[in-house]
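Topology and contacts: notes
If you want the building blocks of each chain, they are given just below.
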Amino acid sequence: MRYLTAGESHGPQLTTIIEGVPAGLPLVADDINEELARRQKGHGRGRRMQIEKDQVQIVSGVRHGVTLGSPITLVVENKDFTHWTKIMGAEPLEDENAEVKRVISRPRPGHADLNGAIKYNHRDMRNVLERSSARETTVRVAAGAVAKKVLKELGVEVGGHVLELGGVVAENTTYESLDELREKTEISPVRCLDKNVEKTMMEAIDTAKENGDSIGGVVEVIVEGMPVGVGSYTHYDNKLDAKLAAAIMSINAFKGAEIGIGFEAARRPGSEVHDEIVWDIERGYTRRTNNAGGFEGGMTTGMPIVVRGVMKPIPTLYKPLNSVDIETKEVFAASIERSDSCAVPAASVVAESVVAWELASALVNQFGQDNMDVIKKNIVQHQERARVF
Ligand SMILES: Cc1cc2nc3c(=O)[nH]c(=O)nc-3n(C[C@H](O)[C@H](O)[C@H](O)COP(=O)(O)O)c2cc1C
Ligand SMILES: C=C(O[C@@H]1CC(C(=O)O)=C[C@@H](OP(=O)(O)O)[C@H]1O)C(=O)O
């Protein structure tokens with residue numbers, strides 16, 4: 001499976017074309033809309049989220065609520081576009097002196113503005129920020145919703161939560177089942193499982209906002225039900241854990257990824273890192289612990305997958321840092337119109353989506369690509385062989 005996304009942040013719409021989704025998958029707009037709504041929530045977002053109410057239009061690849069096996073096109077409208085029609089219009093401007101020709105020449109430290117402008121030779125940095133904006137993650141979540149449907153049909157469940165926010169760390173993150181994790185995080189304004197720190201996290205966001213600052217954090221994605229042996233050790237670009245790390249790192253503002261105990265493995269001896277192997281007739285091979293986070297040798301172990309990602313603080317600051325105007329070369333401290341002060345809760349939904357995409361894609365590629373029935377049968381057979389192996 002593969003997908004492309006297109007669309008500018010303040011343009012008319014965002015689009016994704018998804019290719020390779022098997023035929024026979026039940027899929028309706030509400031499956032996707034639910035995920036889009038989850039991405040829009042979370043304490044700390046700016047005014048833009050009050051303007052948008054993301055809803056998908058399925059314009060190809062689905063008939064009567066079932067996928068056809070042909071490319072699926074999903075479209076999400078930018079409601080804010082009505083305020084930007086002149087600035088973002090595709091037609092050439094009739095009046096060369098029009099006010100909308102005003103260019104952005106002041107790059108924000110931490111955003112894509114300066115590097116993007118130099119690379120593409122844009123004197124107007126709007127041409128960079130429109131596409132580098134995390135608005136694009138809307139349609140990545142839409143594609144992820146389709147991936148989650150594929151996974152659910154194959155018995156694989158995905159959940160995510162916020163582990164850390166602006167230095168406030170969640171301690172009690174236990175949950176009985178992914179259903180419980182999802183229920184608890186859905187009612188938390190910061191998508192955190194630990195009720196004791198939820199309020200402190202919100203206060204940290206409010207304080208950052210009052211100070212014109214921003215904060216980042218750590219998110220975790222957990223996946224249950226993946227069969228053993230998905231991915232491969234045979235070649236570097238077949239390693240599924242590497243694909244997950246790249247997917248997490250591709251999210252705007254994400255600066256690190258770890259699987260299982262991750263960086264903690266550097267501080268422990270091998271005897272306290274590696275997970276002992278056990279076998280019983282019902283479950284086949286499992287592990288006593290899951291420090292590896294569901295991966296060995298680039299392949300799934302059959303244990304839950306645990307992936308974490310770190311998000312840096314939002315770059316656009318009301319309390320501006322110094323930068324240089326590319327026209328005058330003068331130092332300036334920029335004032336801004338609007339921005340999120342924290343988007344970690346929203347980013348946890350994006351993280352779930354990109355992880356779901358990689359896993360669904362790997363399952364479909366490995367177990368037969370054309371229709372859901374064949375894939376399901378192949379997975380059942382594979383699981384049975386692995387159990388008694
Ligand atoms: C959900 C989400 C919302 C974001 N909102 C903002 C924002 O309001 N203002 C901003 O400057 N950056 C925001 N960012 C981060 C920038 O998009 C990101 O820092 C930028 O694309 C530069 O890329 P890099 O940080 O990965 O190097 C957001 C990121 C995510 C995931
Ligand atoms: C629009 C979204 O996030 C945007 C991501 C973003 C950025 O620079 O990444 C900047 C802000 O855009 P604006 O300047 O229009 O307020 C965020 O609101 C979204 O998540 O849907």
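Residues numbered from 1 in each chain as written. Chains lettered and ligands numbered in written order. Predicted model: local features only at pLDDT ≥ 70, side-chain atom pairs only at ≥ 80, totals over all residues. Heavy atoms only, no water.

Formally: UniProt positions are given in the numbering used here, feature names are shortened, and annotations may be inferred rather than shown by experiment.
The name given to the chain in an unreviewed UniProt entry is Chorismate synthase, with Fictibacillus halophilus as the source organism. For the chain, the Pathway (unreviewed entry) comment in UniProt is given as "Metabolic intermediate biosynthesis; chorismate biosynthesis; chorismate from D-erythrose 4-phosphate and phosphoenolpyruvate: step 7/7." Recorded in UniProt for the chain, the comment headed Catalytic activity (unreviewed entry) runs: "5-O-(1-carboxyvinyl)-3-phosphoshikimate = chorismate + phosphate".

**Some points on the UniProt feature "binding site: NADP(+)" (unreviewed entry) in the chain**
The cut-off we apply is this: Any two residues whose heavy atoms approach within 4.5 Å are treated as being in contact. Only DSSP runs of H or I reaching four residues or more are called helices, and only runs of E reaching two or more are called strands; each is numbered from the N terminus. In the analysis that follows, any N or O atom pair within 3.5 Å is treated as a polar contact, provided that within protein one partner can donate a hydrogen and the other can accept it, and provided that, for residues neighboring in sequence, both atoms belong to side chains.
In this structure's numbering, the residues bearing the UniProt feature "binding site: NADP(+)" (unreviewed entry) are Arg39 and Arg45. Once residues within four sequence positions are removed from consideration, Arg39 is found in contact with Arg45, Met49, Asp54, Ala134, Arg135, Thr137, Thr138, Val141, Ala346, Val349 and Val350. Its place among the elements puts Arg45 in the loop between α1 (29-40) and α2 (48-51). The residues touching Arg45, leaving out its near neighbours within four places in the chain, are Arg39, Gln40, Asp340, Cys342, Ala343 and Ala346. Among the polar contacts made by the side chain of Arg45, one reaches the side chain of Asp340 at a distance of 2.8 Å.

**Looking at the site of ligand 2**
The condition that has to hold: Here, proximity means that at least one heavy atom of the residue falls within 4 Å of the molecule or strand. Where accessible areas are quoted, they stem from the Shrake-Rupley method and a 1.4 Å probe; at the residue level, only the protein chains shown are allowed to cover. Note on residue classes: Ala, Val, Leu, Ile, Met, Phe, Trp, Tyr, Cys and Pro are nonpolar, Asp, Glu, Lys and Arg are charged, and everything else, Gly too, is polar.
As a structural note, the neighbourhood of ligand 2 is formed by His10, Arg39, Arg45, Arg48, Met49, His111, Ser133, Ala134, Arg135, Thr138, Arg338 and Asp340. Arg135 places a side-chain nitrogen or oxygen 2.8 Å from an oxygen atom of ligand 2. At 2.8 Å, a side-chain N or O of Arg338 approaches an oxygen atom of ligand 2. Coverage of ligand 2 by the protein chains reaches 86% of its 470 Å² of free accessible surface. Classifying every residue of the shell around ligand 2 by side-chain character gives 2 nonpolar, 4 polar and 6 charged.

**Brief notes about the sheet that holds strand β15 (residues 305-311)**
Test applied: For two strands to be treated as a pair, DSSP must find at least two bridges joining them. Fitted lines through C-alpha atoms give the axes, limited to the stretch in contact for helices. The angle between two N-to-C directions lies from 0 to 180 degrees.
The strand order across the open sheet formed by 5 strands is β8-β7-β9-β15-β10, and the pairing between neighbours is antiparallel. At either margin of the open sheet sits one strand with a lone partner, and together these are β8 (168-169) and β10 (254-259). Pairing geometry for strand β7 (residues 157-165) and strand β9 (residues 217-224), over 8 bridges, is antiparallel. Directly across from Val158, in β9, lies its bridge partner Val223. Helix-sheet contacts for helix α9 (residues 240-249) involve β10 and β15, and the interaxial angle to β10 is about 155 degrees.

**Side note on the packing of α1 against helix α6 (residues 137-153)**
Just so we agree on the cut-off: Each angle is binned into one of four classes, with values under 35 degrees roughly parallel, values over 145 roughly antiparallel, values of 65 to 115 roughly perpendicular, and all other values oblique. Handedness of a helix crossing follows the sense of rotation of the near helix relative to the far helix, less than a right angle counterclockwise being left-handed and clockwise being right-handed.
Orientation of α1 relative to α6, taken along the N-to-C sense of each, is 135 degrees, at an axis distance of 9 Å. One way to sum up the angle between α1 and α6 is to call them oblique. Here α1 and α6 pass one another in a crossing that is right-handed. Counting all contacts with α1, which are made through Asp31, Ile32, Glu35, Leu36, Arg38 and Arg39, the residues of α6 involved are Thr137, Thr138, Val141, Ala142, Ala145, Val146, Lys148 and Lys149.

**Some points on the confidence of the model for the chain**
Reading fine detail from the predicted coordinates is not recommended where pLDDT is low. Here is the rule: Confidence of the predictor at the level of single residues is captured by pLDDT, which takes values from 0 to 100.
Chain-level statistics for the chain give a pLDDT mean of 96 and a share of 99% at 70 or above. Both confidence scores are given for the complex: pTM 0.97, ipTM 0.98.

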